[in-house]
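Spelled out, the chains give:
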Amino acid sequence: MISLKVGSLTGLSSRFKPKRDESAKAEPVMPAAQKAKTPVRPPRRRAPTPGSSFRPKLVLASASPRRLQLLEQAGIAPDALRPASVDESVAKGEVPRHIVRRLARAKAEAALKITKTEPEYAKAFLLAADTVVAVGRRVLGKAELEHEAADMLRLLRGRAHRVHTAVCLITPEGRRRERVVETRVRFRNISDQEIGAYLASGEWKGKAGGYAIQGIAGAFVVKLIGSYTNVVGLPLTEVVSLLAGEGYPVTLLWLSKAEVETE
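Residues numbered from 1 in each chain as written. Predicted model: local features only at pLDDT ≥ 70, side-chain atom pairs only at ≥ 80, totals over all residues. Heavy atoms only, no water.

A. Up close: helix H5 (residues 146-156). Taken together, the buried positions of H5 are Ala149, Ala150, Met152, Leu153, Leu155 and Leu156. Buried-residue contacts for H5 involve strand E3 (125-135), strand E4 (138-140), strand E5 (160-170), strand E6 (176-187) and helix H6 (192-201). Downstream of H5 by one or two residues, Gly158 has phi in the positive range, about 70°. (Buried < 20%, exposed > 50% of the residue type's maximum accessible area, 1.4 Å probe, protein only. Helix = DSSP H or I, 4+ residues; strand = E, 2+ residues; numbered from the N terminus. Contact = heavy atoms within 4.5 Å.)

B. Broad picture of the nonpolar core. In terms of nonpolar packing, the biggest core is built from 46 residues, with Ile76, Leu127, Tyr198, Tyr211, Leu234, Leu243 and Tyr248 touching the most fellow members. For Leu243, the residues in contact, after removing those within four places along its chain, are Leu58, Ile76, Phe125, Leu169, Tyr248 and Val250. If you look at the next biggest cluster of nonpolar residues, it comprises 16 residues, including Ala61, Ala84, Ile99 and Cys168. (Core = buried A, V, L, I, M, F, W, Y, C linked by side-chain atoms within 4.5 Å.)

C. View of the side chain of His161. Looking at where His161 falls in the secondary structure, it is placed in strand E5. Side chain to side chain, His161 and Tyr211 meet in a polar contact 2.7 Å long. (Polar contact = N/O pair within 3.5 Å; in protein donor to acceptor, adjacent residues only side chain to side chain.)

D. Geometry of the packing of H5 against H6. Between H5 and H6, the least distance of the axes is 10 Å, while the angle of their chain directions is 145°. Pair H5 / H6 crosses with right-handed handedness. Contact with H5, carried on its side by Glu146, Ala149, Ala150, Leu153 and Arg154, involves Asp192, Ile195, Tyr198 and Leu199 of H6 and no other residues of that element. Residue composition of the contact of H5 with H6, grouped by class: six nonpolar, no polar and three charged. (Axes fitted to C-alpha atoms, helices over the stretch in contact; angles between N-to-C directions. Left-handed = near helix turned anticlockwise from the far one by under 90°. Nonpolar A, V, L, I, M, F, W, Y, C, P; charged D, E, K, R; others polar.)

E. Region of the structure containing the environment of Gly206. By secondary structure assignment, the location of Gly206 is in the loop between H6 and strand E7 (221-225). Judged by relative accessible area, which is 21%, Gly206 ranks as partly exposed. Taking the C-alpha atoms as reference points, Gly206 and Lys142, separated by 64 residues in sequence, lie 5.1 Å from one another.

F. Here's a closer look at the environment of Gln73. When you line up the elements, Gln73 lands in helix H3 (residues 65-73). Of the residues examined, Gln73 reaches a relative accessible area of 57% and is grouped as exposed. Sequence separation between Gln73 and Leu236 is 163 residues; the distance between their C-alpha atoms is 9.1 Å.

G. Geometry of the packing of aromatic side chains. Following the criterion strictly, the structure yields four aromatic pairs and no others. Ring geometry for Phe187 against Tyr211: centres 4.8 Å apart, planes inclined by 65°, an arrangement best described as edge-to-face. Here Phe187 is found in strand E6, whereas its partner Tyr211 is found in the loop between H6 and E7, with 24 residues between them in sequence. A residue is classified by how much of its surface remains accessible, and Tyr211, at 4% relative accessible area, is buried. An aromatic cluster is defined as three or more aromatic residues linked by ring pairs; in this entry it consists of Phe187, Tyr198, Tyr211 and Phe220. (Phe/Tyr/Trp six-rings, centres within 6.5 Å; stacked < 30°, edge-to-face > 60°.)

H. Representation of the pairing of E6 in the model. As judged from the eleven bridges shared by E5 and E6, these two strands associate in the antiparallel manner. Each residue of the ladder has a partner; that of Arg162, found in E6, is Arg184. Here E5 folds back onto E6 in antiparallel fashion, the turn holding five residues, of which Gly174 has a positive phi close to 95°. Bridge count for E6 against E7 is four bridges, and the pairing is antiparallel. Its bridge partner lying in E7, Phe187 is registered against Val221. (Pairing = 2+ DSSP bridges.)

I. Geometry of the pattern of salt bridges. Taken as a whole and judged by the stated rule, the model has 15 salt bridges. Of the charged contacts, one joins Glu178 and Arg105 as a salt bridge, the two residues approaching to 2.6 Å between their closest N and O atoms. Residue Glu178 is found in strand E6, and its partner Arg105 is found in helix H4 (residues 96-115); the two are separated by 73 residues along the sequence. With a closest N to O distance of 3.0 Å, Arg176 and Glu109 form a salt bridge. (Salt bridge = Lys/Arg side-chain N within 4 Å of Asp/Glu carboxyl O.)

Shown next as structure tokens:
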């Protein structure tokens with residue numbers, strides 16, 4: 001008969017008891033006061049300033065106050081203006097859409113040559129545009145002299161015409177993106193007296209077709225089909241679409257602008 005001493009079974013069982021995993025440590029208990037603590041609100045993003053590292057830079061290849069104002073209206077502030085002087089003469093038989101596309105591209109390429117010599121803007125987005133007014137196949141460029149504007153206004157009164165604007169965007173990687181936009185405008189039958197008074201205002205100077213729709217000449221328009229901003233000089237829908245499609249943070253600028261205005 002096998003006899004076992006008292007406590008021998010206990011000792012035997014303890015030899016085969018699995019060892020405790022010392023690596024598994026108990027989770028520290030979070031104090032109730034700490035659990036109830038309100039989370040810290042993240043700091044509000046500030047609006048990006050022109051030229052900051054927050055966004056890529058944008059150069060507008062134009063000296064037109066109208067185009068600058070339209071961009072700013074869309075919440076986009078160019079970092080620099082680099083107007084380019086190009087030959088704007090029209091070839092015989094050239095149609096309006098081809099004219100504006102060619103000239104916008106030429107302006108963009110000319111401005112690109114300038115920015116390539118400037119390290120600060122060598123990798124910037126570059127935006128250029130050109131606008132012409134056409135009655136049928138007859139193209140009306142910018143009126144520089146009073147008699148030119150008078151002839152244009154007499155031609156436009158009481159009839160419809162088309163405004164064509166081409167936009168050319170060159171990305172920091174060198175890609176070219178273009179859009180051509182057309183808007184139909186109809187003038188009422190303005191009198192010679194009205195034309196004379198309008199010429200005296202000086203608003204026509206340097207304007208395609210001899211008028212500025214955003215000014216006094218807005219009173220001449222009885223019908224408009226298409227983009228109003230295109231007639232002013234820069235079709236905003238297409239510009240915003242081009243920039244956003246190439247990675248320029250348009251909507252982020254809108255959000256940043258909203259945050260600043262609510263502070």
